[in-house]
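Here's the letter readout for the chains.
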Amino acid sequence: AKAEEFRNLQMGTMSVREYTTKFIQLMRYVPEYTETEKQRKYYYMKGLPRAMQSILVGHNFLTLKELINKASLVEIDLKQIALEKEVLHNEKRKMP
(Lines give C-alpha, C1' and ligand atoms only; values in the text may rest on other atoms or scores of the structure.)
Protein backbone atom coordinates (compact mmCIF):
# COMPACT_ATOMS: atom_id res chain seq x y z
CA ALA A 1 0.00 0.00 0.00
CA LYS A 2 2.84 2.42 0.84
CA ALA A 3 4.56 1.61 -2.47
CA GLU A 4 1.40 2.48 -4.39
CA GLU A 5 0.93 5.66 -2.35
CA PHE A 6 4.54 6.63 -3.13
CA ARG A 7 4.23 5.95 -6.87
CA ASN A 8 0.96 7.89 -7.08
CA LEU A 9 1.94 10.81 -4.83
CA GLN A 10 0.92 14.16 -6.33
CA MET A 11 1.64 17.61 -4.96
CA GLY A 12 -1.90 18.80 -5.73
CA THR A 13 -2.78 21.62 -3.35
CA MET A 14 0.18 20.97 -1.01
CA SER A 15 3.09 23.38 -0.83
CA VAL A 16 6.52 22.22 -2.01
CA ARG A 17 7.52 21.87 1.64
CA GLU A 18 4.49 19.69 2.46
CA TYR A 19 4.94 17.60 -0.67
CA THR A 20 8.65 17.14 0.06
CA THR A 21 7.95 16.06 3.64
CA LYS A 22 5.38 13.51 2.49
CA PHE A 23 7.70 12.29 -0.29
CA ILE A 24 10.60 11.75 2.13
CA GLN A 25 8.35 10.01 4.66
CA LEU A 26 7.12 7.58 2.01
CA MET A 27 10.61 7.07 0.57
CA ARG A 28 11.55 5.02 3.63
CA TYR A 29 8.99 2.37 2.72
CA VAL A 30 10.12 1.93 -0.88
CA PRO A 31 13.90 1.46 -1.05
CA GLU A 32 13.46 -0.41 -4.34
CA TYR A 33 12.17 2.83 -5.95
CA THR A 34 14.62 5.20 -4.30
CA GLU A 35 18.04 3.53 -4.37
CA THR A 36 19.57 6.06 -6.76
CA GLU A 37 19.40 9.84 -7.06
CA LYS A 38 18.02 9.33 -10.56
CA GLN A 39 15.07 7.32 -9.19
CA ARG A 40 14.43 9.79 -6.38
CA LYS A 41 14.47 12.74 -8.79
CA TYR A 42 12.21 10.91 -11.26
CA TYR A 43 9.50 10.14 -8.70
CA TYR A 44 9.73 13.57 -7.09
CA MET A 45 9.36 15.32 -10.46
CA LYS A 46 6.51 13.00 -11.46
CA GLY A 47 4.38 14.24 -8.55
CA LEU A 48 4.87 17.94 -9.26
CA PRO A 49 2.21 19.95 -11.11
CA ARG A 50 2.68 20.25 -14.90
CA ALA A 51 3.47 23.97 -14.68
CA MET A 52 6.40 23.26 -12.36
CA GLN A 53 7.54 20.22 -14.33
CA SER A 54 7.75 22.22 -17.56
CA ILE A 55 10.01 24.80 -15.89
CA LEU A 56 12.22 22.24 -14.09
CA VAL A 57 12.56 19.68 -16.88
CA GLY A 58 15.25 21.64 -18.73
CA HIS A 59 17.61 21.64 -15.75
CA ASN A 60 20.11 18.92 -14.95
CA PHE A 61 19.89 18.39 -11.21
CA LEU A 62 22.58 16.17 -9.72
CA THR A 63 20.71 15.49 -6.49
CA LEU A 64 17.17 15.38 -5.17
CA LYS A 65 18.11 18.22 -2.82
CA GLU A 66 18.98 20.47 -5.80
CA LEU A 67 15.67 19.63 -7.43
CA ILE A 68 13.75 20.38 -4.21
CA ASN A 69 15.55 23.72 -3.75
CA LYS A 70 14.75 24.77 -7.33
CA ALA A 71 11.13 23.59 -6.97
CA SER A 72 10.81 25.89 -3.93
CA LEU A 73 12.07 28.84 -5.98
CA VAL A 74 9.74 28.01 -8.87
CA GLU A 75 6.82 27.83 -6.43
CA ILE A 76 7.63 31.35 -5.22
CA ASP A 77 7.88 32.61 -8.83
CA LEU A 78 4.57 31.01 -9.83
CA LYS A 79 2.82 32.49 -6.79
CA GLN A 80 4.27 35.92 -7.60
CA ILE A 81 3.08 35.66 -11.22
CA ALA A 82 -0.40 34.65 -10.07
CA LEU A 83 -0.49 37.60 -7.66
CA GLU A 84 0.62 40.03 -10.37
CA LYS A 85 -2.06 38.71 -12.74
CA GLU A 86 -4.68 39.13 -10.04
CA VAL A 87 -3.56 42.71 -9.36
CA LEU A 88 -3.65 43.54 -13.09
CA HIS A 89 -7.08 41.96 -13.43
CA ASN A 90 -8.42 43.98 -10.48
CA GLU A 91 -6.87 47.19 -11.84
CA LYS A 92 -8.55 46.67 -15.21
CA ARG A 93 -11.93 46.17 -13.53
CA LYS A 94 -11.56 49.51 -11.73
CA MET A 95 -10.97 51.40 -14.98
CA PRO A 96 -14.04 53.24 -16.34
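In this text the structure is predicted, and so the values were computed from the model without any measurement. (Residues numbered from 1 in each chain as written. Predicted model: local features only at pLDDT ≥ 70, side-chain atom pairs only at ≥ 80, totals over all residues. Heavy atoms only, no water.)

Asks: For this particular structure, what's the right way to read the environment of Gln 53?
Replies: Structurally, Gln 53 can be placed in helix 4 (residues 50–56). Among the residues examined, Gln 53 registers a relative accessible area of 16% and is labelled buried. When the C-alpha positions of Gln 53 and Val 74 are compared, they lie 9.8 Å apart, and in sequence the two are 21 residues distant. If near-sequence neighbours (up to four positions away) are discounted, Gln 53 is found in contact with Met 45, Lys 46 and Leu 48. Here the side chain of Gln 53 touches Lys 46 through a polar contact of 3.3 Å, landing on its backbone oxygen. (Helix = DSSP H or I, 4+ residues; strand = E, 2+ residues; numbered from the N terminus. Buried < 20%, exposed > 50% of the residue type's maximum accessible area, 1.4 Å probe, protein only. Contact = heavy atoms within 4.5 Å. Polar contact = N/O pair within 3.5 Å; in protein donor to acceptor, adjacent residues only side chain to side chain.)

Asks: I would appreciate a short explanation of the pattern of salt bridges in the present structure.
Replies: Here the structure, examined in full by the defined rule, presents two salt bridges. Measuring nitrogen to oxygen at the nearest pair gives 3.1 Å for the salt bridge that ties Lys 22 to Glu 5. You can see Lys 22 sitting in helix 2 (residues 16–27) and its partner Glu 5 sitting in helix 1 (residues 2–7), a full 17 residues away along the chain. The class for Lys 22 is partly exposed, based on a relative accessible area of 28%. We note a salt bridge from Arg 40 to Glu 37, for which the minimum N-O separation is 2.9 Å. A residue pair is termed a helical-turn pair when its members lie 3 or 4 positions apart in one helix, as Arg 40 and Glu 37 do in helix 3 (residues 37–46) at three residues. Looking at Arg 40, the relative accessible area reads 16%, which means it is buried. Taking the relative accessible area as the measure of exposure, Glu 37 reaches 28% and is therefore partly exposed. (Salt bridge = Lys/Arg side-chain N within 4 Å of Asp/Glu carboxyl O.)

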